[in-house]
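Letter by letter, the chains look like this.
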Amino acid sequence: MHSLLKIRIASNSFEIGIVAFLLIAVSFRATIGLSGTFVAITHISALLLAYILSQHIVSLINKTIGRLYFASIVMLLLIEAGIQFLTGLHVNWFVISLLLEDNSSQNIGISFTIWIAAIFIIFVLTFMLRTKISHRRNIYIPIHFIFLGGAISIASGQAVYSIAHYSGVAKIMHVKRNLPFFFAPHPYHIRSILEVFNEQHDEDTPFSRAQVKRGEEQGRSHQNDVLKATTNKPNILFIITDSVRAAEIKNYPALTPTINAAATRGYFSLGQYSVSNCTHFSLYSMFTGRIPTTFGEARQNASARGLVPELAGAGYSVSTAETISLNWYDIQKTILPDSVNRWIAPSELDDNTIRDQATTKRTIEELNSWSENDTPRLHITYFEGSHFPYNQAITNAGDTIQERYRESIRLFDQQLSDIFTALEDQNLMDNTLVIVTSDHGDELLSEGRMGHSSALNDNQVVVPLLILGGNENTANIRSHADIRQFVLNQLSPEAYPFEPPEAIYLANCDYDHPKDFRVLTDTGEYNFDYDDGYLVPIDDKQEQSLNAAKLLIKTIQNGGIPAQP
């Protein structure tokens, strides 16, 4: 034991300085309040000590392998910093899964190949820099200091996090979100341990009173017999574009003359909530009327549910025109039955602008066929040109990203003009319910982030909504989760009553199940973290959020069907 304590680990001071600097840079956003700052410092310390120990072990095997290891760690931290800056997300399975999906270059603006090339370049440059560096000074650290310091850092950081979580310090949840490579104890284990030292009962602790078990899918009666029997079956046309935020149309109305003109003869809102800030969750909510807490289940079971199978069962002929395949994240498995006649823009069309034009042409061909028989039609058109990189192929190289974004919205408006002209030429406008919206919004570095899927703010979740041919209940729509019920109310008002919702539920993007929620009620906005059955308020107004938490719990237990006060 005495000889073990004498062991010293040699670590290059240049490497330690670079890794420490990068760890601080990627963790800085987590320094919120005293408890958050303490957790962040202990987390950085533990990671740095772990690097020093692992680097020493690797270098004992081979000096070159040790340098490669250093280059790998620097590469990982630089990628983490870049992803944080651009999206507000972290290096995790969700981000990696986005890159591994088919059509990733069209859906997130950068391909897996480009990512691999960038990673390789960073790795090579870092390795070359380390090889050429002349500074050879080593720092000798006793091995017992590394083990003891690491243990103290981990234990103290986890203890402060757990106590803050149990005590209801809302800001600690921001620390969990913003701290990379951080693994927090499960709320159940936090509660089980700390209740030993606390006389409070389980239901009295600030977070555990929102405890919820994910309920069994309760389903809802689709009343297909009512839909089949109704004689009121207008054609229905969904036109959905990607990533158009309402603020852009509000601030630059000249971009959308077609939408502006149509708004005078229909319903138009620039305050529509998209439920989520990513496509797969948003479209799931739009066509099922549920918040996306059951998306993963539907995806894994390949069980299409909601409006499309309901209307198909009621006699509607259903078709799509998709600029980018809705197979992205298996969306089609959750909302489109196999009977749907799908058209997807050819993959050899290598730009979203050209694919959007092909999608418009296909939509017009579909509309031209509607007058051939009396079968009611449902058609879904999905555009992608307004997604990053925003029709890059047809804009000037000197345009800013904001200018390209606005140009993509202007081009979308032109596509709408062609489709509306086709509706009028075929005398279909009077017997067609037209719904035009976006799946979610987008950020253009206005809040330090690029894109979407990272925060439930207005830029990412407030979108335009245009409806032509709707009834008097159109104004009751406040979020995409209301659209299914609204459409069914159009067909049978008695069987499907539609009242304005008193609560709106927003769900932050993730892989299969959202981890963050925002509930909007007449009394305010309330934010929650959801961790494997435990609902945690992340605002300081915990007492006021209790009613909102109960509504959200009821909604989750009810299979995602929004509960109302």
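Residues numbered from 1 in each chain as written. Predicted model: local features only at pLDDT ≥ 70, side-chain atom pairs only at ≥ 80, totals over all residues. Heavy atoms only, no water.

(A) Expanded view of the sheet that holds strand β4 (residues 267-273). As summarised here, the arrangement of the seven strands in space is β4-β11-β8-β3-β7-β5-β6, forming an open sheet in which the pairing is mixed. Bordering the open sheet on either side are β4 and β6 (341-344), each of which pairs with just one other strand. For this sheet, the mean inter-axis angle between neighbouring strands, taken without regard to orientation, is 15°. Bridge analysis of strand β5 (residues 317-322) against β6 gives four bridges, and the strand direction is parallel. Directly across from Thr320, in β6, lies its bridge partner Arg342. (Pairing = 2+ DSSP bridges. Helix = DSSP H or I, 4+ residues; strand = E, 2+ residues; numbered from the N terminus. Axes fitted to C-alpha atoms, helices over the stretch in contact; angles between N-to-C directions.)

(B) Here's a closer look at unusual backbone geometry. With phi around 60°, Phe181 is a residue other than glycine that occupies positive phi space. One can find Phe181 in the loop between α9 (171-178) and α10 (187-194). For Phe181, a relative accessible area of 29% gives the class partly exposed. In this structure, Ala302 takes a positive phi of about 50° despite not being glycine. Here Ala302 lies in the loop between α15 (295-301) and α16 (307-313). The class for Ala302 is partly exposed, based on a relative accessible area of 47%. (Buried < 20%, exposed > 50% of the residue type's maximum accessible area, 1.4 Å probe, protein only.)

(C) Molecular detail of the pattern of salt bridges. Under the definition given, this model contains 13 salt bridges. When the shortest N-O distance is used, the salt bridge between Glu248 and Arg406 registers 2.8 Å. Here Glu248, found in helix α12 (residues 246-251), pairs with Arg406, found in helix α19 (residues 401-425); they are 158 residues apart in sequence, far enough to count as distant. Under the relative-accessibility criterion, Glu248 is labelled buried at 2%. In this structure, Glu297 and Arg305 form a salt bridge, with 3.9 Å as the shortest nitrogen-oxygen distance. (Salt bridge = Lys/Arg side-chain N within 4 Å of Asp/Glu carboxyl O.)

(D) Layout of the state of the cysteines. Enumeration according to the criterion identifies one disulfide in this entry. Paired through a disulfide, Cys278 and Cys509 show a sulfur-sulfur distance of 2.3 Å. A torsion of 100° about the S-S bond marks the disulfide between Cys278 and Cys509 as right-handed. Taken together, the positions of Cys278 in the loop between β4 and α14 (279-288) and Cys509 in the loop between β12 (504-507) and β13 (516-521) put the pair 231 residues apart, joining distant regions of the chain. (Disulfide = S-S within 2.5 Å.)

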